[in-house]
Amino acid sequence: MQKTAMFQTRVKNNLIGFRQGSEKPLAFHCDTLDVAELSEDSWQALAEGLGPKEIQTPGVSKALAELLSWADTSAPSVPAKPRARHKIDTLTVNVTQICNLACTYCAAGGDGTYGDPTTKISVDKTLPQLSFFLGKLDPGDKFTLTFLGGEPLLYPEGIELISKYLEQEAKQKNITLRLRIVTNGTLLNQKNIELLTRFKMHVVISLDGPPEINDAIRKTKSSNFNTASILKNLESLMARKNELASISLAAVFGSGNLEVLKCYEFLSSFPVDSLSLCFDHSSHDSSDSQKFFQEMQLVAESAWSKGQESELRRIEYFDKVFMVLDQKIRITNFCGSGKNFLMVDAKNTLTTCPWQAGKPEESVGHGPTLFEDRLAPYQEDLVSKNNCHSCWAKYLCGGGCMYSNQQATGSKHIKDAVFCERQRGLSLLALSYYGKCNFEDGYGVEEN
Ligand code: SF4
Ligand code: SF4
């Protein structure tokens with residue numbers, strides 16, 4: 001494996017200075033979300049234990065004073081927008097809970113069924129449920145619905161009926177509708193592609209790498225499908241790209257596959273809009289997580305050499321962090337679970353997270369009824385609820401994934417240390433490339 005340079009970090013108050021290998025040091029202000037280049041004097045001034053009295057060098061002493069004054073600046077407090085209670089603007093719907101694949105890492109019971117195979121959601125029960133959520137939105141609001149499963153294209157008729165209904169209702173209520181589908185790509189025949197274009201959907205295809213990897217991980221239950229057939233379908237879909245909102249490819253990594261760079265090289269060869277490269281939320285294996293991070297360093301290097309900022313932004317993680325840094329919007333929730341987001345399973349039971357479907361103790365409602373007492377604990381922001389205030393990366397991360405925490409520690413709010421280590425590493429990686437994008441002059445190898 002190629003070698004990757006380690007990050008050195010130095011923390012002072014709410015600043016973190018960092019440098020990778022021989023590159024110039026940068027600093028990040030954890031509250032204002034500003035990123036700045038550092039001089040060598042400033043880098044020295046950040047060294048642990050140095051206070052104004054210990055510093056003899058005038059340059060370093062001046063740099064420390066400047067850094068401390070920068071650290072003192074705080075972000076102007078933006079009054080939080082009052083949010084209507086349980087205004088859910090993002091839903092995922094399991095239109096089926098069966099699948100034609102059995103992926104090795106499937107968190108939906110190992111076979112897309114969540115332990116309770118359901119061939120078709122009842123559209124008759126789903127439409128009043130959707131009407132309930134749409135009724136809480138205001139004109140001008142946005143509403144996103146993602147079709148999920150199992151494999152959602154095993155029930156295209158359900159997708160069509162739900163989409164038609166939403167389109168009509170959204171138009172009437174002046175709501176901007178965004179429809180998404182996450183599919184394994186095996187059933188993207190002409191008829192189904194036609195369906196997706198009719199509703200101008202965002203299409204996400206799960207693909208874990210080149211055929212030799214994808215076929216081993218995403219195991220088929222019949223001989224009808226393999227990666228070669230999925231790629232043929234992708235080609236047909238790409239031919240209709242202009243009639244879709246977007247096409248993305250999504251890969252998940254964990255013990256079964258840590259070939260992130262190899263996967264990226266393969267996926268990036270398709271001219272799709274974005275690529276999602278995620279570590280398995282249910283894994284908390286430290287060495288797998290570290291390997292994933294090292295591979296992401298290589299991915300970033302490769303993306304930079306292919307197309308600099310625009311190619312890095314095609315990778316969802318980098319795009320998200322760059323947007324936060326551009327717009328200086330602090331993330332206080334890793335996801336909207338239980339706040340603006342809910343999951344509808346194929347029996348119309350509501351949970352706060354796709355991976356909690358099928359667990360009665362996790363249900364927060366059914367049909368058009370919400371269980372207020374069960375939703376109440378989700379309303380506090382996750383940075384506070386998960387005790388993340390001392391973490392320098394808190395506003396890039398947003399307090400972490402409750403599902404990951406639960407898998408690792410048994411509690412949604414006791415942090416998974418492996419997740420945190422990876423998240424902070426990825427944050428440093430994104431920050432260092434943000435520096436490369438924004439401080440082109442003189443950034444790079446240190447001058448002598
Ligand atoms: S990295 Fe960990 S400690 Fe930091 S904000 Fe995320 S979950 Fe909290
Ligand atoms: S808790 Fe984690 S797995 Fe569940 S929706 Fe949020 S980010 Fe996704």
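Each chain carries its own residue numbering, running from 1 in the written order of its sequence. The naming scheme follows written order: chains are lettered A onward, ligands numbered 1 onward. Selection of residues for local features in this predicted model requires a pLDDT of at least 70, selection of side-chain atom pairs for listing and counting requires 80 or more, and totals for whole chains, interfaces and linings are taken over all residues. Derived side-chain values reflect all non-hydrogen atoms in the structure, with water molecules and hydrogen atoms excluded from consideration.

**Regarding unusual backbone geometry**
Right, so step 1: The peptide bond linking G149 to G150 adopts the cis configuration, its omega dihedral lying at 25°.
Right, so step 2: Its location among the elements puts G150 in the loop between β7 (142-148) and α4 (156-173).
Right, so step 3: Although it is not a glycine, L33 sits at a positive phi angle of roughly 65°.
Right, so step 4: Inspection of the secondary structure assignment puts L33 in the loop between β3 (26-29) and β4 (35-37).
Right, so step 5: Burial status follows relative accessibility: with a 1.4 Å probe on protein chains alone, a residue under 20% of its type maximum counts as buried, one over 50% as exposed, and anything between as partly exposed. The class for L33 is buried, based on a relative accessible area of 2%.
Right, so step 6: Of note in the backbone geometry, Y114 takes a positive phi value of approximately 55° without being a glycine. Counting from the N terminus, the helices are the DSSP runs of H or I reaching at least four residues and the strands are the DSSP runs of E reaching at least two.

**Regarding the confidence of the model for the protein chain**
Right, so step 1: Per residue, pLDDT measures the predictor's confidence, with a range of 0 to 100. Taken residue by residue, the protein chain gives an average pLDDT of 91. The fraction at 70 or more is 93%.
Right, so step 2: Contacts are assigned to residue pairs that have any heavy atoms within 4.5 Å of one another. Long-range and interchain partners of residues 442-448, a stretch whose pLDDT sits below 50, account for 16 contacts in this model, where long-range means more than four residues apart.

**Considerations on the sheet that holds β4**
Right, so step 1: Taken together, 4 strands build an open sheet; the order of strands is β1-β2-β3-β4 and the sheet is antiparallel. Every interior strand has two partners, whereas the edge strands, β1 (7-12) and β4, have only one. On average, each strand axis in the sheet is inclined to that of its neighbour by 25°, with strand direction left out of account.
Right, so step 2: Only strands joined by at least two bridges in the DSSP assignment are considered to pair. When β3 meets β4, the two strands line up antiparallel, connected through 3 bridges. From the neighbouring strand, A27 faces β4, where its bridge partner is A36. Only the stretch in contact is used when fitting a helix axis, every axis being a line fitted to C-alpha atoms; angles between N-to-C directions are given from 0 to 180 degrees.

**Looking at the site of ligand 1**
Right, so step 1: If even one non-hydrogen atom of a residue comes within 4 Å of a molecule or strand, that residue is called near it. Surveying the vicinity of ligand 1 reveals the residues C388, C391, K394, C397, G399, G400, K415, C420, Q423 and R424.
Right, so step 2: Sorting the residues of the shell around ligand 1 by element identifies α13 (394-397) and α15 (417-438) as the ones contributing at least two each.
Right, so step 3: Looking at the shell around ligand 1 element by element, the count peaks at 3 residues for α15.
Right, so step 4: Along the lines of polarity and charge, the residues of the shell around ligand 1 split into 4 nonpolar, 3 polar and 3 charged. Note on residue categories: nonpolar means Ala, Val, Leu, Ile, Met, Phe, Trp, Tyr, Cys or Pro, charged means Asp, Glu, Lys or Arg, and polar means any other residue, Gly included.

**Considerations on the pairing of strand β9 (residues 202-206)**
Right, so step 1: The element β9 is largely enclosed, with a buried count of 5 among its 5 residues.
Right, so step 2: Of the two faces of β9, the one holding H202, V204 and S206 and the one holding V203 and I205 are both buried throughout.
Right, so step 3: In the sheet, strand β8 (residues 176-183) pairs with β9 via 4 bridges, with the strands oriented parallel. In the sheet register, R180 faces β9, and the bridge partner there is H202.
Right, so step 4: Between β8 and its parallel partner β9, the chain crosses via helix α5 (residues 190-198), and the hand of that crossover is right-handed.
Right, so step 5: Where β9 and strand β11 (residues 246-253) come together, 5 bridges link them in parallel fashion. Paired with V204 across the two strands is S248, which belongs to β11. If you view a crossover with the strands going away from you and the path from the first strand over the helix to the second runs clockwise, you call it right-handed.

**Comments concerning the environment of Y114**
Right, so step 1: With respect to the element layout, Y114 can be found in the loop between β6 (101-103) and α3 (123-134).
Right, so step 2: Along the chain, Y114 and S286 lie 172 residues apart, while their C-alpha atoms are 27 Å from each other.
Right, so step 3: Those residues in contact with Y114 that sit more than four places away from it in its chain are N94, Q97, A108, G109, G149, G150, M343, P354, W355 and A357.
Right, so step 4: Residues adjacent in sequence count toward polar contacts only when both atoms are side-chain atoms; beyond that, a polar contact is any pair of N or O atoms within 3.5 Å, and within protein one must be able to donate a hydrogen and the other to accept it. A polar contact of 3.3 Å, which involves the side chain of Y114, links it to the backbone oxygen of G149.

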